[in-house]
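# Close look at the chain arrangement
Each chain is listed here by its residues.
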Amino acid sequence: MALQCRLSGATIQSLKMATIPISPSSSRFIFRTTPQTLNLALFSRHTPPKAPPFSVLIRALSAQAVAAAPAAEISDNKVVKPQWKAAIDFKWIRDNKEAVANNIKNRNSNAKLELVLELYDKMLNIQKEVERLRGERNNVANKMKGKLEPSERQKLVEEGKNLKEGLTTLEEDLINLRDELQLEAQCIPNMTHPDVPIGGEDSSKLRNVVGSPLSFDFPVKDHLQIGKELDLFDFDAAAEVSGSKFYYLKNEAVMLEIALVNWTLTEVMKKSFTPLTTPEIVRSSVVEKCGFQPRGENTQVYSIEDSDQCLIGTAEIPVGGIHMDSIVSESSLPLKYVAFSHCFRTEAGAAGTATRGLYRVHQFSKVEMFILCKQEESDMYHDELIKIEEDLFSSLGLHYKTLDMATGDLGAPAYRKFDVEAWMPGLGRYGEISSASNCTDYQSRRLGIRYRPSESPTTSKKGKTNQATPKFVHTLNATACAVPRMLVCLLENFQQEDGSVIIPKPLRPFMGGIEAIYPKSR
């Protein structure tokens, strides 16, 4: 029960923040979870309300449906009713069972293909029986229109009544079966690009290497030590205020974050991206429609208890929802967005030196790119996104490598994913700083985003004008700048023997001309 009190006329409503699970996203800035709740106090003056063959493969399996409602228990064999549905080509899945099964296996998915197909066959059988009974009921109704003996009419009345009762039961069964089929189908992941390596993360294929690790003539410090000596952040105070894995940025670190964001936005906007800031609380249904599974085992989403809302883990989610349930014109494509937001993730992963400091945190700032395009253009825009990322990191002077991630590392929506890992000398290893994913029409079929081809309308024999059939767009997302990881890279790679840190030249105009961060005078 929430504790309420009055403060200057305002009601303080204490809301427990529960966590709901999510499947791995297009980025591996996804962390493990432990049972955990957080409490937030919301201030309000009013009581808050309650709250090629592969192209075919893509089309068939990117239409999975997910229940949009908050988590509900299944009891007494009652099926949870999905609040929205996506068109799924179950016939194609059945006809291509082997390809779908192999994809599920390669991606280490827990999807139950056999159950999906079994439910589909049952649905077809019941559907046929429903159609048969409807036909018989119509025949009885037609017979009763004629002149009949009372006894004959009574027999037809009884027959019609029995048919109606049987039909009502079967129709209810059919609805429940369709709902169950939809809920099971949500677990089937997107199909996979034929060039993606099969296996776990270690099987990922190297695409590109830029630069080489910098050499130092002095003992290398990690970003935690550098930040402490330069008075750039405070983890201890944040732990008292908010809990572990939160932080205060201070002094030049604040300017560096703002510089990174402004510089990144400026550079990406040159590529015809529209800048956005986004809502940071969204409906759980939008999270689900983006292909995440908020009721899976590895939660990453903060869900506001007793509501249908969540804190976002990436701007991909609110940006993906902008054109939800709409048909855009072909001439407007591609739609290219670059969005700044704060991101919230429930658990920062396993403890240890590899995840210390800013590398894994609960809250961070991020600039995200998102593209909606025609189906035949998504591979091209995927290449464009990774090139933008590589150009950004190269201009900062970072040493990094780009990987074509293996099947076992792909989240359910991703058809293909490229990761960028930068060298972090203080940590003594490469760490992921970005990723770029092509989700084909997996998300758009859930979000209901289509475009109408600009073909000339046709006229039927009856004189009716027929417009071109709308098609689902393809969606892509990529991280342009995840601020904490970039701070780790900059502090560790550009540290100097005298304790200072050099600011890369592209960022200096956005920091008032500051060229370096120096130790404070004692």
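Quantities reported herein were computed from a predicted structural model and do not represent experimental measurements. The residue numbers shown here count from 1 along each chain, following its written sequence. Local features in this predicted model are restricted to residues of pLDDT 70 or higher, and side-chain atom pairs are both shown and tallied only at a pLDDT of 80 or more, whereas totals for entire chains, interfaces and linings draw on every residue. Computation of side-chain values covers all heavy atoms of the structure but excludes hydrogens and water.

### Considerations on the overall build of the protein chain
Within the protein chain, the secondary structure is distributed over 13 helices and 23 strands. The 522 residues of the protein chain split such that 51% are buried. On the protein chain, roughly 25300 Å² of surface is accessible, and the fraction owed to carbon and sulfur atoms is 50%. Note on conventions: DSSP H or I runs of at least 4 residues are helices, E runs of at least 2 residues are strands, and numbering of each starts at the N terminus. Only protein chains enter the accessibility calculation, which uses a 1.4 Å probe; a residue whose area is less than 20% of its type maximum is buried, one above 50% is exposed, and one in between is partly exposed. The method behind every accessible area is Shrake-Rupley, applied with a 1.4 Å probe, and residues are considered shielded solely by the protein chains displayed.

### Let's talk about the sheet that holds strand 11 (residues 326-329)
Strand pairing is defined by DSSP finding a minimum of two bridges between the two strands. Strand order in the open sheet formed by three strands is 11-17-20, and the pairing between neighbours is mixed. In this open sheet, the two strands that pair with only one neighbour each are strand 11 and strand 20 (471-472). Bridge analysis of strand 11 against strand 17 (residues 449-452) gives four bridges, and the strand direction is parallel. Across the sheet, the residue bridging to S326 is I449, located in strand 17.

### Regarding the pairing of strand 14 (residues 400-404)
Counted residue by residue, strand 14 has four buried out of five residues, so it is predominantly covered. Relative to strand 14, strand 4 (residues 205-210) is paired through five bridges, and the arrangement is antiparallel. The partner of L206 across the bridge, within strand 14, is L403. Two strands pair when backbone bridges link them, and strand 14 and strand 15 (residues 416-424) are joined in this way by five bridges, in the antiparallel orientation.

### Description of the sheet that holds strand 7 (residues 274-277)
Pairing within the open sheet is mixed, and its eight strands lie in the order 4-14-15-16-21-13-12-7. If you trace the sheet from one side to the other, it starts and ends with strand 4 and strand 7, each paired once. For this sheet the average axis-to-axis angle between neighbouring strands, irrespective of direction, equals 25°. Bridge count for strand 16 (residues 429-438) against strand 21 (residues 474-482) is three bridges, and the pairing is antiparallel. Note on strand 21: the bridge partner recorded for A436 is A478. The strands touched by helix 8 (residues 252-269) are strand 7, strand 12 (335-344), strand 13 (363-373) and strand 21; relative to strand 13, the strand with the most contacts, the crossing angle is about 10°. To get an axis, fit a line to the C-alpha atoms, keeping to the stretch in contact for a helix; angles then go from 0 to 180 degrees between the N-to-C directions. Pairs of residues are marked as contacts when any of their non-hydrogen atoms sit within 4.5 Å.

### Side note on the side chain of K221
Relative to the elements of secondary structure, K221 occurs in the loop between strand 4 and helix 6 (223-230). Look past the residues within four positions of K221 in its chain and what remains in contact with it is I226, E229, G426, E492, Q495 and G499.

### Focus on the packing of helix 4 (residues 113-143) against helix 5 (residues 150-185)
Relative orientation of the contacting elements helix 4 and helix 5 amounts to 155°, with a least axis distance of 9 Å. Relative to helix 5, the element helix 4 is oriented roughly antiparallel. When you trace helix 4 past helix 5, the crossing you get is left-handed. Gly counts as polar in this scheme, as do all residues outside two lists: the nonpolar Ala, Val, Leu, Ile, Met, Phe, Trp, Tyr, Cys and Pro, and the charged Asp, Glu, Lys and Arg. Residues belonging to the contact of helix 4 with helix 5 are distributed by class as follows: 17 nonpolar, three polar and 12 charged. For classification, angles of less than 35 degrees are called roughly parallel, those exceeding 145 degrees roughly antiparallel, those between 65 and 115 degrees roughly perpendicular, and all remaining angles oblique. The handedness criterion is simple: a crossing whose near helix is rotated anticlockwise from the far helix by less than a right angle is left-handed, and one whose near helix is rotated clockwise is right-handed.

### Quick word on the pattern of salt bridges
A carboxyl oxygen of Asp or Glu within 4 Å of a side-chain nitrogen of Lys or Arg is what we treat as a salt bridge. All chains considered together, the criterion is met by 24 salt bridges. Put simply, E368 and K366 hold a salt bridge, and the shortest N to O gap is 2.6 Å. For K417, the salt bridge goes to D409, with nearest N and O atoms at 3.2 Å. The exposure class of K417 is buried, given its relative accessible area of 0%. Several salt bridges share partner residues, and in doing so they unite K91, R94, D95 and D121 into one network.

### Observations regarding the UniProt feature "binding site: ATP" (unreviewed entry) in the protein chain
Here, UniProt's "binding site: ATP" (unreviewed entry) annotation points to R345, T346, E347, V361, H362, Q363, F364, E432, I433, S434 and S435. Along the polypeptide, V361 turns up in the loop between strand 12 and strand 13. UniProt positions are given in the numbering used here, feature names are shortened, and annotations may be inferred rather than shown by experiment.

### Looking at the nonpolar core
By convention a nonpolar core is built from buried Ala, Val, Leu, Ile, Met, Phe, Trp, Tyr and Cys residues, the set being connected through side-chain atoms within 4.5 Å. One finds L260, M369, L398 and I433 to be the most contacted residues of the largest nonpolar core, which totals 61 residues. In terms of residues, this core owes the most to one element, helix 8, which gives eight residues. Residue contacts for M369: discarding those within four places in its chain leaves V268, F273, Y337, V338, L385, I388, E389, L476, N477, A478 and A480.

### A closer look at the environment of D325
Topologically, D325 is positioned in the loop between helix 10 (316-320) and strand 11. Along the primary structure D325 and S444 are separated by 119 residues, whereas in three dimensions their C-alpha atoms are 9.0 Å apart. Those residues within four positions of D325 in sequence are excluded, and the remaining contacts are K289, L447 and G448.

### Some words on the UniProt feature "site: Important for serine binding" (unreviewed entry) in the protein chain
UniProt's feature table lists "site: Important for serine binding" (unreviewed entry) at T479, given in the numbering used throughout. Within the secondary structure, T479 is located in strand 21. Residue T479 is classed as buried on the basis of its relative accessible area, which comes to 2%.

### Points about the environment of T355
Mapped onto the fold, T355 is located in the loop between strand 12 and strand 13. Separated by 110 residues in sequence, T355 and K245 place their C-alpha atoms 10.0 Å apart.

### Quick notes on the packing of aromatic side chains
Note on aromatic contacts: the rings of Phe and Tyr and the six-membered ring of Trp form a pair at centre separations within 6.5 Å, being stacked when their planes are under 30 degrees apart, edge-to-face when over 60 apart, and tilted otherwise. Taken as a whole and assessed by the stated rule, the structure comprises six aromatic pairs. Plain terms: the ring middles of W423 and Y430 are 5.1 Å apart, the flat faces sit at 70° to each other, and that makes the pair edge-to-face. The exposure class of Y430 is partly exposed, given its relative accessible area of 26%. In textbook terms, an aromatic cluster arises when at least three aromatic residues are bridged by ring pairs, as seen for F233, F235 and Y247. By definition here, charges over rings are those cases where NZ of Lys or CZ of Arg is within 6 Å of the ring centre and within 35 degrees of the ring normal. A cation over an aromatic ring shows up here: R207 above the ring of F418, its NZ or CZ 4.0 Å from the ring centre.

### Comments concerning the confidence of the model for the protein chain
On average, residues of the protein chain carry a pLDDT of 83, and 80% of them reach 70 or more. The predictor's confidence in any single residue is recorded as pLDDT, a number from 0 to 100. Contacts of residues 1-76 to residues separated by more than four positions or lying in other chains number 216 contacts, the stretch itself having pLDDT below 50.

### Details of unusual backbone geometry
Leaving glycine aside, a negative phi is the common case for residues, and trans is the common case for peptide bonds. The amide bond that connects L333 to the next residue, P334, takes the cis arrangement and shows omega of 0°. By the element assignment, P334 lies in the loop between strand 11 and strand 12. Here the phi dihedral of S272 falls at roughly 70°; this positive angle occurs in a residue that is not glycine. Turning to its location among the elements, S272 is positioned in the loop between helix 8 and strand 7.

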